[in-house]
Amino acid sequence: MAGGASCPQLAAAVSEAGGLGFLAAGYKTADGMYQEVKQVRGLTAQPFGVNLLMPQPNTADPGAVEIYRNQLAGEAAWYETPLGDPDSGRDDGYEAKLAILLDDPVPVVSFTFGCPTRDVLDSFAKAGTFTVVTVTTPEEAQAAQWAGADAVCVQGIEAGGHQGTHRDDPESDGAGIGLLSLIALIRETVQLPLIAAGGLMRGGQIAGVLAAGAVAAQLGTAFLVCPESGANALHKQAMTNPLFVRTELTRAFSGRPARGLVNRFMREHGPYAPAAYPQVHHLTSGLRKAAARTGDAQGMALWAGQGHRLARELPAGRLVDVLVAETDSARAALALGGSR
């Protein structure tokens, strides 16, 4: 959860309950990340992780971005806010974030949208930090193993938010692999521990991915509605609102494929959004904020996995406890069935 949902309060609550809470640093400044790491350390003595977004090559077609800007002119007028500068924020402070995390290590660092170099991963290994690379194909998993990652997060097509593909290829939009099939494929490709992610909302599903060969499960959407989550109240309400019955992958809000609840903005602009990240992200930033300010969920990026209707509004620590109990029960049932 690269935005505000994965905040220090949520990460600390999950870790305190025995899970591994994560801070999202992708859209934070280096100093903002540093301050949030300090906050988590003040809230818990338990291990936690930090997720970084890999810098992206500037391969966007300026003409396509300009056409999309023109298409969004009506949105800017409706929300009475200017469109953002698509070329702002080209440097997200990635190198500065690496330096901070190497100087004052946290237990786990994960990477999305690509794989760091071997030098970077070796530096974290020397610092005692466990590294994870998000992958969506067997080839990406193999690249992570070659680079020296300690584990891979296997992200199925069911996952909410951005797909963690290493190469943003518009021709493969929507061609992702379901989580269980992807686990099986990657298990035969690499010898790294696999962390399963994508649409997991219940302990029975967690037991399923553990039985399939994962060593752990990563959940985002399930924690989005927790009171500790930093997600906007409209976003939380939309998760189980009957107005939002399904999810789709879209480039409408960021220029990169991401799964969210289908709303007006996605329907009207998704088919025309170019493959241009982070240009489209910066272009629509003001619109998304204005929609949230005016209470209009139809103009917001409502990231959610396919299991969003199963969201439970529980305190994060309580949700961890419930998931553990459900997982234990399901695993016991599987073991009993296998012994017959």
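The structure displayed is predicted, hence computed values, not measured ones. (Residues numbered from 1 in each chain as written. Predicted model: local features only at pLDDT ≥ 70, side-chain atom pairs only at ≥ 80, totals over all residues. Heavy atoms only, no water.)

### What about the packing of aromatic side chains?
Stage number 1. Tallied over the entire structure, the rule returns four aromatic pairs.
Stage number 2. With 5.4 Å between their ring centres and 80 degrees between their planes, F113 and Y277 make a pair best called edge-to-face. Of this pair, F113 sits in the loop between strand 3 (108-112) and helix 6 (118-127) while Y277 sits in the loop between helix 11 (264-269) and helix 12 (279-293), and the two are 164 residues apart along the sequence. Assigned by exposure class, F113 and Y277 land together as buried.
Stage number 3. We note R256 situated over the ring of F113; from NZ or CZ to the ring centre the distance is 3.9 Å. (Phe/Tyr/Trp six-rings, centres within 6.5 Å; stacked < 30°, edge-to-face > 60°. Helix = DSSP H or I, 4+ residues; strand = E, 2+ residues; numbered from the N terminus. Buried < 20%, exposed > 50% of the residue type's maximum accessible area, 1.4 Å probe, protein only. Lys NZ or Arg CZ within 6 Å of the ring centre and 35° of its normal.)

### Some points on the environment of Q56
Stage number 1. Within the secondary structure, Q56 is located in the loop between strand 2 (48-53) and helix 3 (62-71).
Stage number 2. With 58 residues separating them along the chain, Q56 and G114 place their C-alpha atoms 8.4 Å apart.
Stage number 3. Reaching out from Q56, the side chain makes a polar contact with the backbone oxygen of M54 at a distance of 2.8 Å.
Stage number 4. Here R256 takes part through its side chain, which lies 3.3 Å from a polar atom of the side chain of Q56. (Polar contact = N/O pair within 3.5 Å; in protein donor to acceptor, adjacent residues only side chain to side chain.)

### Brief notes about the sheet that holds strand 2
Stage number 1. Taking strand neighbours across the sheet as the criterion, the seven strands line up as 1-2-3-4-5-7-8 in an open arrangement whose pairing is parallel. Edge positions in the open sheet fall to strand 1 (21-24) and strand 8 (216-218), since each of these has one partner strand only. Ignoring strand direction, the axes of neighbouring strands in this sheet form an average angle of 30 degrees.
Stage number 2. The sheet contact formed by strand 7 (residues 194-197) and strand 8 spans three bridges and is parallel. In the strand pairing of strand 8, A197 is matched with Q218.
Stage number 3. Here helix 2 (residues 30-43) sits on the sheet and contacts strand 1 and strand 2; the angle it forms with strand 2, its principal contact strand, is near 165 degrees. (Pairing = 2+ DSSP bridges. Axes fitted to C-alpha atoms, helices over the stretch in contact; angles between N-to-C directions. Contact = heavy atoms within 4.5 Å.)

### Observations concerning unusual backbone geometry
Stage number 1. Put simply, Y277 and P278 share a cis peptide bond, and its omega is 10 degrees.
Stage number 2. Note that P278 resides in the loop between helix 11 and helix 12.
Stage number 3. With a phi angle near 50 degrees, E80 is a residue other than glycine that sits in the positive phi range.
Stage number 4. On the secondary structure map, E80 appears in the loop between helix 4 (73-79) and helix 5 (94-103).
Stage number 5. The exposure class of E80 is exposed, given its relative accessible area of 74%.

### Topic: the environment of W78
Stage number 1. When you line up the elements, W78 lands in helix 4.
Stage number 2. A relative accessible area of 64% places W78 in the exposed class.
Stage number 3. In sequence terms W78 and R312 are 234 residues apart; their C-alpha atoms lie 34 Å from each other.

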